[in-house]
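Overview (structure and organization)
Each chain is listed here by its residues.
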Amino acid sequence: MTLGIDVVRAAPKVLLHDHLDGGLRPQTIAELAAGIGHELPVADPAGLGGWFAEAADSGSLERYLETFEHTVAVMQSAEALTRVARECVEDLAADGVVYAEIRYAPEQHVSAGLTLDEVVAAVQQGFDEASASGGIVVRQLLTAMRHQARSREIAELAVAWRDRGVAGFDIAGAEAGNPPTRHLDAFEYLQRENAHFTIHAGEAFGLPSIWQALQWCGADRLGHGVRIVDDITVHPDGTAELGRLAAYVRDKRIPLEMCPASNVQTGAADSIAEHPIGLLTRLGFRVTVNTDNRLMSNTSMSKEMHALCEAFDYGLADLRWFTINAMKSAFLPFDQRLALINDVIKPGYDKF
Ligand SMILES: O=c1[nH]cnc2c1ncn2[C@@H]1O[C@H](CO)[C@@H](O)[C@H]1O
Ligand SMILES: [Zn+2]
């Protein structure tokens, strides 16, 4: 019998890949939009959530990304950023998330005059307010947009904030035509600074993107990375043969930040049941489960994990494995990761 969603919600969860501008409450978007006179495609908050999920359900990453126009538009003041950040953490904590790394692109939040530094400070304020009461630990990841040319600057921003709530760096946006090597300068800088970064790779584009992210740019983790299956041959008897890149990813324990619901919407996977996460888990890759964009995919950590339980017959032992994988892969100092595993995650699963 499939695990109930209430059990999944009560179990401790770790989230490494969640976009701040992809997780707003519809009610909040409506209120913030009204405050600044931004016109929304649907006026009433009740219909707004449905609009995002439907518009994002496009089969293409490019069209999926168009929906962010409206969330980014209402996140241009310090007050709005703080509110969105605070509500994000409240929603994750209510869903049983005990550690989260939340990403967004500071360069997209300066159109009303904020400086990059003020953007990061406003988000941190919201995170601090919501996590003050305990129960959840949250860090920021600063994203640079891969079609823009501000990655070095954003990487420097991430390093400047590394001891004040920012745990790492990322690049996101349309993958095809914007290879990660365009931003080599930023990645080499981060490596010299002993800083951590992940790269969206192998979502809409295949193996070359993953290969570049790892072997040219030095990514610590892969955002999505689903297309690594293109380097795996499964024989009729079920045995699998790994190509050089897939073997490298598995041997080096490179964390895969998998986001099943998002991948179905952008066409990176046909369905949850056919999602490569099943094969990659079976083969022992360092798989983690993530939400990507809770608003656009009408999802949560509990919903993602529950859907996997339904599709692959996973139980609590599997969810615990995903969660410990994620905690091991976090951009948090080792001693803090260990403490969360031993003091929060393991006892949390032992309760069942
Ligand atoms: O799945 C994804 N793949 C690539 N880029 C994404 C994805 N989800 C969101 N963003 C992009 O990241 C920006 C910063 O958070 C968002 O504004 C969106 O353009
Ligand atoms: Zn993403």
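Each chain carries its own residue numbering, running from 1 in the direction its sequence is written. The order in which chains are written sets their letters, starting at A; the order in which ligands are written sets their numbers, starting at 1. Restriction of local features to residues with pLDDT of at least 70 applies here, the model being predicted, together with a cutoff of 80 or more for giving and counting side-chain atom pairs; totals for whole chains, interfaces and linings are based on all residues. As a rule here, side-chain values cover all heavy atoms of the structure and leave hydrogens and water aside.

A look at the UniProt feature "domain: Adenosine deaminase" (unreviewed entry) in the chain
UniProt positions are given in the numbering used here, feature names are shortened, and annotations may be inferred rather than shown by experiment. UniProt annotation of "domain: Adenosine deaminase" (unreviewed entry) refers to residues 12-346 when read in the numbering used here. Every helix listed is a DSSP run of H or I at least four residues long, and every strand listed is a run of E at least two residues long, numbered separately from the N terminus. Between the end C-alpha atoms of residues 12-346 the distance is 9 Å, and the span holds 47% helix and 15% strand.

A short note on the side chain of Ser297
Mapped onto the elements of the fold, Ser297 is located in the loop between strand 10 (287-289) and helix 14 (301-312). Exposure categories follow from relative accessible area, calculated using a 1.4 Å probe and restricted to protein chains: below 20% of the type maximum is buried, above 50% is exposed, and the middle band is partly exposed. Owing to a relative accessible area of 10%, Ser297 belongs among the buried residues under this scheme. For this analysis, a polar contact is any N or O atom pair within 3.5 Å, provided that within protein one partner can donate a hydrogen and the other can accept it, and provided that sequence-adjacent residues contribute only side-chain to side-chain pairs. Here the side chain of Ser297 touches Gln265 through a polar contact of 2.5 Å, side chain to side chain. Residue contacts are counted whenever heavy atoms from the two residues lie within 4.5 Å of one another. Among all residues touching Ser297, those that are not within four sequence positions of it are Tyr64, Ala261, Ser262 and Gln265.

Points about the site of ligand 1
Only heavy atoms are used to decide nearness, and a residue is near a molecule or strand if one of them lies within 4 Å of it. Near ligand 1 there are 16 residues, and of these His19, Asp21, Gln108, Glu203 and Asp292 occur at the shortest range. Residue Asp21 places a side-chain N or O atom 2.5 Å away from an oxygen atom belonging to ligand 1. In the model, an oxygen atom of ligand 1 is placed 2.9 Å from a nitrogen or oxygen of the Gln108 side chain. Here the shell around ligand 1 spans two domains, and each of domain 1 (5-24 + 75-336) and domain 2 (25-74) adds at least three residues to it. The domain limits used here are those given by an automatic or database domain assignment.

Comments concerning the nonpolar core
One recurring pattern in soluble globular proteins is that nonpolar side chains are buried together. The biggest cluster of nonpolar side chains holds 106 residues, and the ones touching the most others in it are Leu20, Phe169, Leu190, Ile199, Leu280, Phe285 and Met327. Taken together, domain 1 (5-24 + 75-336) and domain 2 (25-74) each give at least three residues to this core, which thus spans both. Among residues more than four places away in sequence, those in contact with Leu20 are Met75, Val84, Ala85, Cys88, Ile102, Arg103, Tyr104, Val123 and Phe127. Nonpolar core, defined: a set of buried Ala, Val, Leu, Ile, Met, Phe, Trp, Tyr and Cys residues in which side-chain atoms within 4.5 Å join the residues together.

Things to note about empty space enclosed by the protein
In this analysis, the protein atoms alone were mapped onto a 1 Å grid. Cavities are point sets where a 1.4 Å probe fits without being able to get out; pockets are open sets with protein on both sides within 12 Å along at least five of seven lines; lining residues have an atom within 4 Å of a point. Grid points are joined across faces, edges and corners, and a volume is the space filled by probe spheres set on the points. For the structure on display, the rule yields one cavity of 30 Å³ or more. One number sums up the size of the largest cavity: a volume of about 30 Å³. What lines the largest cavity is Leu20, Gly23, Leu24, Arg25, Val84, Glu87 and Cys88. Only Asp, Glu, Lys and Arg are considered charged in this grouping, and only Ala, Val, Leu, Ile, Met, Phe, Trp, Tyr, Cys and Pro are considered nonpolar; every other residue, Gly among them, is considered polar. Residue composition of the lining of the largest cavity, grouped by class: four nonpolar, one polar and two charged.

Regarding the coordination of the zinc ion (ligand 2)
Because no water is among the atoms considered, metal sites can look incomplete, with donors defined as N, O and S atoms within 2.8 Å of the metal, or 3.2 Å for Na, K and Ca. Around the zinc ion (ligand 2), the protein supplies His17 (NE2), His19 (NE2), His200 (NE2) and Asp292 (OD) as donor atoms, at distances of 2.1 to 2.2 Å. Every donor counted, the four donor atoms about the zinc ion (ligand 2) form angles of 84 to 170 degrees at the centre, which fits irregular coordination. Classification of His19 as buried rests on a relative accessible area of 11%. On the accessibility criterion, His200 (4% relative accessible area) is buried. Each label reflects the angles at the metal, where four donors whose angles all fall between 85 and 135 degrees are tetrahedral, four or six donors whose opposite pairs open beyond 155 degrees and whose other angles stay between 65 and 115 are square planar or octahedral respectively, and the rest are irregular.

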